[in-house]
Structure formats: C-alpha cells, structure tokens
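# Overview (structure and organization)
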Amino acid sequence: MTYWGTVSRHGPEPLARLLADAGAVGAMVVDLPDDQAECWQAAAKAANLSTPRLVPRHLADTGLATVAAGASGWLYAPASTAPTGYRGPLDVPALADFTTRLRAASPLPVVSGVGISTPALAECVAPLVDAVVIGTPVVRALMTAPEQGPALTAAFAQALNPYATTETRA
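Let me begin by describing the structure that accompanies this report. Everything numeric in this text was worked out from a predicted model, so none of it was measured.

Here the focus is helix H3 (residues 37-46). Among the residues of H3, Ala37, Trp40, Gln41, Ala43 and Ala44 are the ones counted as buried. Across the axial projection of H3, the buried residues extend over an arc of 165 degrees, all falling on one side. Of the exposed residues in H3, those oriented more than 90 degrees away from the buried face are Glu38, Lys45 and Ala46. As for H3, its buried residues are in contact with helix H1 (4-10), helix H2 (12-21) and strand E1 (53-54). At the C-terminal side of H3, Asn48 shows a positive phi close to 65 degrees.

So, about the sheet that holds strand E3 (residues 110-113). Read from one edge to the other, the open sheet built from 4 strands follows the order E1-E2-E3-E4, with strand pairing classed as parallel. Edge strands, defined here as strands with exactly one partner in the open sheet, are E1 and strand E4 (131-132). One ladder, built from 2 bridges, connects E3 with E4; its direction is parallel. What sits directly across from Val111, in E4, is Ala131. Running at roughly 160 degrees to strand E2 (residues 75-78), helix H5 (residues 92-105) makes contact with E2 and E3 of the sheet.

Right, let's get into the environment of Pro52. As for its position among the elements, Pro52 is in the loop between H3 and E1. Separated by 58 residues in sequence, Pro52 and Val110 have C-alpha atoms that sit 9.8 Å apart. With near-sequence residues (within four places) excluded, Pro52 lies in contact with Ala27, Met28, Ser72 and Trp74.

Core analysis: the biggest nonpolar cluster contains 22 residues, and Val55, Leu75, Leu102, Ile116 and Val125 have the highest contact counts within it. Core analysis: the next-biggest nonpolar cluster, separate from the first, contains 13 residues, Leu15, Val29, Ala37 and Ala43 among them.

Taken together, the buried positions of H2 are Pro12, Leu15 and Ala16. All buried residues of H2 lie within an arc of 100 degrees about the axis, which places them on one face of the element. Turned more than 90 degrees off the buried face of H2, the exposed positions are Leu18 and Asp21. Summarising the contacts, the buried residues of H2 are in contact with H1 and H3. Phi turns positive, to about 105 degrees, at Gly23, one or two residues after H2.

The rules we used
Residues numbered from 1 in each chain as written. Predicted model: local features only at pLDDT ≥ 70, side-chain atom pairs only at ≥ 80, totals over all residues. Heavy atoms only, no water. Buried < 20%, exposed > 50% of the residue type's maximum accessible area, 1.4 Å probe, protein only. Helix = DSSP H or I, 4+ residues; strand = E, 2+ residues; numbered from the N terminus. Arc of directions from axis to C-beta. Contact = heavy atoms within 4.5 Å. Pairing = 2+ DSSP bridges. Axes fitted to C-alpha atoms, helices over the stretch in contact; angles between N-to-C directions. Core = buried A, V, L, I, M, F, W, Y, C linked by side-chain atoms within 4.5 Å.

What is shown is where atoms sit, not what they do.
What follows is the structure, given as structure tokens:
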C-alpha cells in the first residue's frame, strides 16, 4: 500500500519498476486520483504488478463498476469509513451490504481492513470477505510494547482461522 504522493514524486513508471524489481507482485495506491488511475494502471501492468483498488462505500453502483474495471488482484473494502487506526465499533451490516455490491460489480476477491482493531472484530468481518488486513493494531503494539506483538498477532490469526494451530516455534 502506498499513497499517490509517493507515486507522483518517483513517477509511476520508475516506481512500478522499482517495486517489481524488489519482488512486489502488486501495489495499491489508496488515494489514487481518478484522473491518474489510467496512468498508474498502465505503469503497473508494464511492470507486471497487480493494481488492487480501495473502494469507498459512498460510490454508486456505476462508480463501483468503474473502479472495479481498473483494478486487478483484489478490491479493498474498508471495514470502517474512519481513518486508518480507527478503534471504535464497526457497522458490520453496512459492510456486508457493501461487499455484496462489490461482488455484483466484479469477480475480484474482496479484502477488508481499516477499523479491524481487535481479534473479535476480525472474526466478525472474516465471513464477509476473502481476506482481512490487520495493520495498525500490530504496529501499535510493536511500537508501545514489542513483547506483546507475537501474542496479538497469534490472537488475530486464531480469530481469522479458529481451526489453525497456534504452536510456537523456537
């Protein structure tokens, strides 16, 4: 994930090549301006990168189809309309409705993140999507209490796959 400012500063083509050379298989520009989408998608395609798209909930169905048509890899459906790092409650029924609309607009997998701040919330969101992104809670733990990072990561993994083992490797 990156922001358009970074892409713009480096240039879409050089950055796409740099990412591909580093082993990336895709890059999502979370604030990709509509008027720059075609340029970024062409540069990414030339570098053999997928171009997942963050899809805002407020888009009409025609807007969903337009964004989905320019995406590859997956569609990112934020679990919350709040900024990254949000720790409050989630409107799970609204997310379910949104993911239904996305699935009608595109065959791409739907991934969710933003606001999935606890393992319990991850467990609620997981049945609605194909994958869940957990970022801020783990980063926050690593920055404030690094020793808690592995246990928190394991708790999210267990919530997302209750049948997985949580063995610790030395």
